[in-house]
Amino acid sequence: MSPRQTTVLGECVADAFTEPASASNELTLRVLPGGGPANTAVSLARLGTSARFLARLSGDVFGRLFRAHLEESGVDLSYAVAAAEPSTLAVAELDTQGQAAFSFHAQNTADWQWTAEELAGVDLSGTACVHTGSLALVREPGAAVVEEFLAVASARATVSIDPNVRPLLVRPEVYRARLAHWCALADILRLSEDDLELLLPGTSPERACDIWHAAGARLVVITRGADGALASLDGERLHVPAVATRVVDTVGAGDSFTAGLLHHLGTRGHLGGRLTGLDLGEVAQACRVAALTCSVAGPNPPWRNELDRLTAVGGH
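Here's a quick rundown of the structure.

## Digging into the packing of aromatic side chains
Okay, so step 1: Across all of its chains, the model carries 1 aromatic pair by this definition.
Okay, so step 2: Judged by centre distance (6.3 Å) and plane angle (90°), the rings of Tyr175 and Trp182 are edge-to-face.

## Observations concerning the packing of helix α1 (residues 36–47) against helix α8 (residues 253–267)
Okay, so step 1: Contact geometry of α1 with α8 gives a least axis separation of 8 Å together with a crossing angle of 45°. Compared by their axis directions, α1 and α8 come out oblique. Where α1 crosses over α8, the two elements pack in a sense that is right-handed. Taken together, the residues of α8 that come into contact with α1 (itself represented by Gly36, Asn39, Thr40, Ser43, Leu44 and Leu47) are Asp255, Ser256, Thr258, Ala259, Gly260, Leu262 and His263.

## Focus: the sheet that holds strand β2 (residues 13–19)
Okay, so step 1: A sheet is described by the order of its strands in space; here 4 strands give the open sequence β3-β2-β7-β8, paired in mixed fashion. On the outer flanks of this sheet lie β3 (28–34) and β8 (100–105), each paired with one strand and no other. Across the sheet, the mean angle from the axis of one strand to that of its neighbour is 30°, orientation sign disregarded.
Okay, so step 2: Strand direction decides the pairing type here: β2 and strand β7 (residues 88–94), joined by 5 bridges, are parallel. Residue pairing across strands places Phe17 opposite Ala92, the latter belonging to β7.

## A few points about the pairing of strand β10 (residues 158–162)
The side chains of a regular strand alternate between the sheet's two faces.
Okay, so step 1: Of all 5 residues making up β10, 5 are buried, and the element is well covered by its neighbours.
Okay, so step 2: In this fold, strand β9 (residues 127–133) hands off to helix α4 (residues 143–153), which returns the chain to β10; that crossover is right-handed.
Okay, so step 3: Where β10 and strand β11 (residues 188–192) come together, 2 bridges link them in parallel fashion. Looking at the pairing, Ser160 lines up with Ile188 of β11.
Okay, so step 4: Remark: the β10/helix α5 (residues 172–185)/β11 crossover connection has right-handed handedness.

## Some thoughts on the side chain of Arg190
Okay, so step 1: Residue placement: Arg190 occurs in strand β11.
Okay, so step 2: Here Arg190 falls in the buried class, since its relative accessible area comes to 3%.
Okay, so step 3: Of note is the side chain of Arg190, whose polar atom sits 3.5 Å from the backbone oxygen of Gly254.

## As for unusual backbone geometry
Working note: non-glycine residues mostly have negative phi, and peptide bonds are mostly trans.
Okay, so step 1: Looking along the chain, the bond that leaves Glu140 and enters Pro141 is cis, with omega of 10°.
Okay, so step 2: Considering the arrangement of structural elements, one finds Pro141 in the loop between β9 and α4.
Okay, so step 3: Phi at Asn108 is positive, roughly 55°, even though this residue is not glycine.
Okay, so step 4: Residue classification places Asn108 among the exposed residues on the basis of a relative accessible area of 53%.
Okay, so step 5: One non-glycine residue, Leu275, lies in positive phi territory at about 65°.

## Topic: the layout of surface pockets
Okay, so step 1: When its volume is computed, the second largest pocket comes out at roughly 150 Å³.
Okay, so step 2: Around the second largest pocket, the lining residues are Ala116, Leu119, Ala120, Val122, Leu124, Val145, Glu148, Phe149 and Val152.
Okay, so step 3: For the lining of the second largest pocket, the secondary-structure elements that each account for two or more residues are α3 (116–120) and α4.
Okay, so step 4: A total of 4 residues in the lining of the second largest pocket trace back to one element, the largest contributor, which is α4.

## As for the sheet that holds strand β13 (residues 229–233)
Okay, so step 1: Here 8 strands make up an open sheet; going across it, the order is β4-β1-β9-β10-β11-β12-β13-β14 and the pairing mixed. At either margin of the open sheet sits one strand with a lone partner, and together these are β4 (51–54) and β14 (236–240). Pairs of neighbouring strands in the sheet enclose a mean axial angle of 15°, with direction left out of account.
Okay, so step 2: Of the strand pairs in this sheet, strand β1 (residues 5–9) and β9 are connected by 4 bridges, and their pairing is parallel. Residue pairing in the sheet places Thr7 in a bridge with Val130 of β9.
Okay, so step 3: Those strands touched by α4 are β1, β4, β9 and β10, and its axis lies near 155° from that of β9.
Okay, so step 4: Contacts from α8 reach β9, β10, β11, β12 (219–223) and β13, with the element oriented near 155° to β11.

## As for empty space enclosed by the protein
Okay, so step 1: Applying the stated criterion to the full structure yields 2 cavities of 30 Å³ or more.
Okay, so step 2: Volume-wise, the largest cavity comes out at about 40 Å³.
Okay, so step 3: Along the walls of the largest cavity sit Gly36, Pro37, Thr40, His131, Thr132, Gly133, Ser134, Asp162, Asn164 and Asp255, which together make up its complete lining.
Okay, so step 4: For the lining of the largest cavity, the elements supplying multiple residues, two or more each, are α1 and β9.
Okay, so step 5: For the lining of the largest cavity, a count of residues per class yields 1 nonpolar, 7 polar and 2 charged.
Okay, so step 6: For the second largest cavity, the full set of lining residues is Cys12, Arg56, Leu57, Ser58, Phe66, Ser87, Thr88, Ala110 and Asp111.

The rules behind these values
- Residues numbered from 1 in each chain as written.
- Predicted model: local features only at pLDDT ≥ 70, side-chain atom pairs only at ≥ 80, totals over all residues.
- Heavy atoms only, no water.
- Phe/Tyr/Trp six-rings, centres within 6.5 Å; stacked < 30°, edge-to-face > 60°.
- Axes fitted to C-alpha atoms, helices over the stretch in contact; angles between N-to-C directions.
- Helix = DSSP H or I, 4+ residues; strand = E, 2+ residues; numbered from the N terminus.
- Parallel < 35°, antiparallel > 145°, perpendicular 65-115°, else oblique.
- Left-handed = near helix turned anticlockwise from the far one by under 90°.
- Contact = heavy atoms within 4.5 Å.
- Pairing = 2+ DSSP bridges.
- Buried < 20%, exposed > 50% of the residue type's maximum accessible area, 1.4 Å probe, protein only.
- Right-handed = clockwise from strand over helix to strand, strands pointing away.
- Polar contact = N/O pair within 3.5 Å; in protein donor to acceptor, adjacent residues only side chain to side chain.
- 1 Å grid on protein atoms, 1.4 Å probe; cavity = no way out; pocket = protein on both sides within 12 Å on 5 of 7 lines; lining within 4 Å.
- Points joined across faces, edges and corners; volume = space filled by probe spheres on them.
- Nonpolar A, V, L, I, M, F, W, Y, C, P; charged D, E, K, R; others polar.

If you want it as structure tokens, here you go:
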């Protein structure tokens, strides 16, 4: 097991995209494996980081798709649970700007049924970072179990959280009620401008960073689409410009951003503790990863050679 392994915990969702059908009374769906934590695990593995995914994977047709996708990307599924429940389905409809509106089919699905026994035997001795977020932290009955796992993991690993607020499934106030506790557990908090508006309506990104630093998170990164990202380390700010790219859709961009950030922090030896000696400049490369994943359809993170080509084109 690699000492730089990143362990990701959370859901894997079937993302179904609407496509033109041959008749007016038909609907054609193209199904791709997605879900924020799964996208992050795949992106980490494709970038070259040893990535292990703690997931509850159904044995249904979608679960088999997930497993094949994760394994083909090099993700370690040695601790994945073979779940009896069905997979979660999200149907996405894209607007003219490539932004996705989702409808979810997630009642009593496999992703939210974590038990303490399922996570108790996970070996964290080779894990430098544990990343989670999205619905796994707020959907019961498993959410409390996931929080307890993070508390244990924080004794030996850097903890990263991406709230990835999904108001169609869970009310934003549920996230708000837990966010201070998450910051107390986390070293890194990564979220989008949309998440910020749902969590702290009307609050500036800079003020939000200060609030979350006070709650315990050392590094806060807010992604801002075409405006790049704001990174704040203990209150020291850095605005990272976006990389110009042709946008097909934005599905999975934030997840790949998180993976790019964790990958580069890991390769530079910053993970495994409390981010001692971290330089804010380390987050700049993550913007390039997010830009690449926006240039393809669906949650399809780039491979290391694709990132290298983008870097060469950009002259960095």
